[in-house]
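Reading the structure
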Amino acid sequence: MPYVYDDQNIFAKILRGEIPNDTVLETEHTLAFNDIAPQAPIHVLVIPKGPYVCYDHFALEASDAEIADFNRVVGQICQMKGLQPGEGGAGFRLISNAGKDAVQEVPHLHVHILAGRNLGRMLGKA
Ligand code: AMP
């Protein structure tokens, strides 16, 4: 089944400037902003500006320029926040929920960068 993008989702509204956001970094193809309900001391969302529903949609259909820009922004956020394990930072977790089993709430691709405390093991028991 083809991906169907709903342009009324909240991140589409943020990208159109219809609702505010707390921007951390913006580039040609990508926007990073603080999560409105942070689950860690650092909780940044990174989204492409293009209409991609979830990670696989983006990975399969976005241009090389969009994919490169998106990933560079993830790296730049980690650098800006001092999270890089190889540079003495305490690390971070990168999560992207896709679809119903992952309980994706907003149907516009986003990765969560979570950091600033020990985040525990990756998943709780089902
Ligand atoms: P997910 O369950 O992966 O779709 O996560 C959606 C995330 O978007 C949640 O962590 C929400 O707190 C966050 N969120 C929802 N609305 C906003 C908003 N207006 N600004 C920033 N973050 C938001």
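Residues numbered from 1 in each chain as written. Predicted model: local features only at pLDDT ≥ 70, side-chain atom pairs only at ≥ 80, totals over all residues. Heavy atoms only, no water.

Quick word on the overall build of the protein
Rule in force here: Under the scheme used here, helices are H or I runs from DSSP no shorter than 4 residues and strands are E runs no shorter than 2 residues, and both carry numbers assigned from the N terminus. Here the radius of gyration uses the C-alpha set of atoms, whereas the globule reference equals 2.2 Å times the residue count to the power 0.38. The contact criterion used throughout is that any non-hydrogen atoms of two residues lie within 4.5 Å. Shrake-Rupley sampling with a 1.4 Å probe provides the accessible areas, and residues are treated as covered by the protein chains on show and by no other component. Within this scheme the basic residues Lys and Arg register as positive and the acidic residues Asp and Glu register as negative, but His and the chain ends are omitted. By convention, the point assigned to a charge is CZ for Arg, NZ for Lys, CD for Glu and CG for Asp.
When helices and strands are counted, the protein shows three helices and five strands. When the helices and strands of the protein are placed in sequence order, the string is α-β-β-β-α-α-β-β. Expected size for 126 residues packed as a compact globule is a radius of gyration near 14 Å; at 15 Å, the protein falls within 12% of this value. Of the contacts formed within the protein by residues at least 6 apart in sequence, a portion of 54% connects residues at least 24 apart. Within the structure as shown, the protein displays about 7900 Å² of accessible surface, and the carbon and sulfur contribution to it stands at 53%. Counting 10 positive and 15 negative side-chain charges, the protein places the averaged centre of each group 11 Å from the other.

Topic: the site of the ligand
We apply this condition: For this description, a residue counts as near a given molecule or strand if any of its non-hydrogen atoms is within 4 Å of it. Any pair of N or O atoms that falls within 3.5 Å is considered a polar contact. Within protein, one atom must be able to donate a hydrogen and the other to accept it, and sequence-neighbouring residues count only if both atoms are side-chain atoms. Within this scheme a cavity is a closed region of a 1 Å grid, computed over the protein atoms alone, that accommodates a 1.4 Å probe without allowing it to escape, whereas a pocket is open but has protein on both sides within 12 Å along at least five of seven lines; lining residues each have an atom within 4 Å of a point. For this analysis, a molecule is said to be in a pocket or cavity if more than half of its atoms are within 2 Å of the grid points defining it. Amino acid classes used here: Ala, Val, Leu, Ile, Met, Phe, Trp, Tyr, Cys and Pro are nonpolar; Asp, Glu, Lys and Arg are charged; the rest, including Gly, are polar.
Among the 16 residues in the neighbourhood of the ligand, the closest are listed as Asp35, Asn97, Glu105, His110 and His112. Within the contact set of the ligand, an oxygen atom lies 2.7 Å away from a backbone nitrogen or oxygen of Glu105. Coverage of the ligand by the protein chains reaches 87% of its 510 Å² of free accessible surface. The pocket occupied by the ligand, as judged from atoms lying within 2 Å of grid points, is the largest pocket. Sorting the residues of the shell around the ligand by element identifies α1 (10-15) and β2 (30-34) as the ones contributing at least two each. Top element by residues in the shell around the ligand is α1. It accounts for three residues. For the shell around the ligand, the class distribution of residues is nine nonpolar, five polar and two charged.

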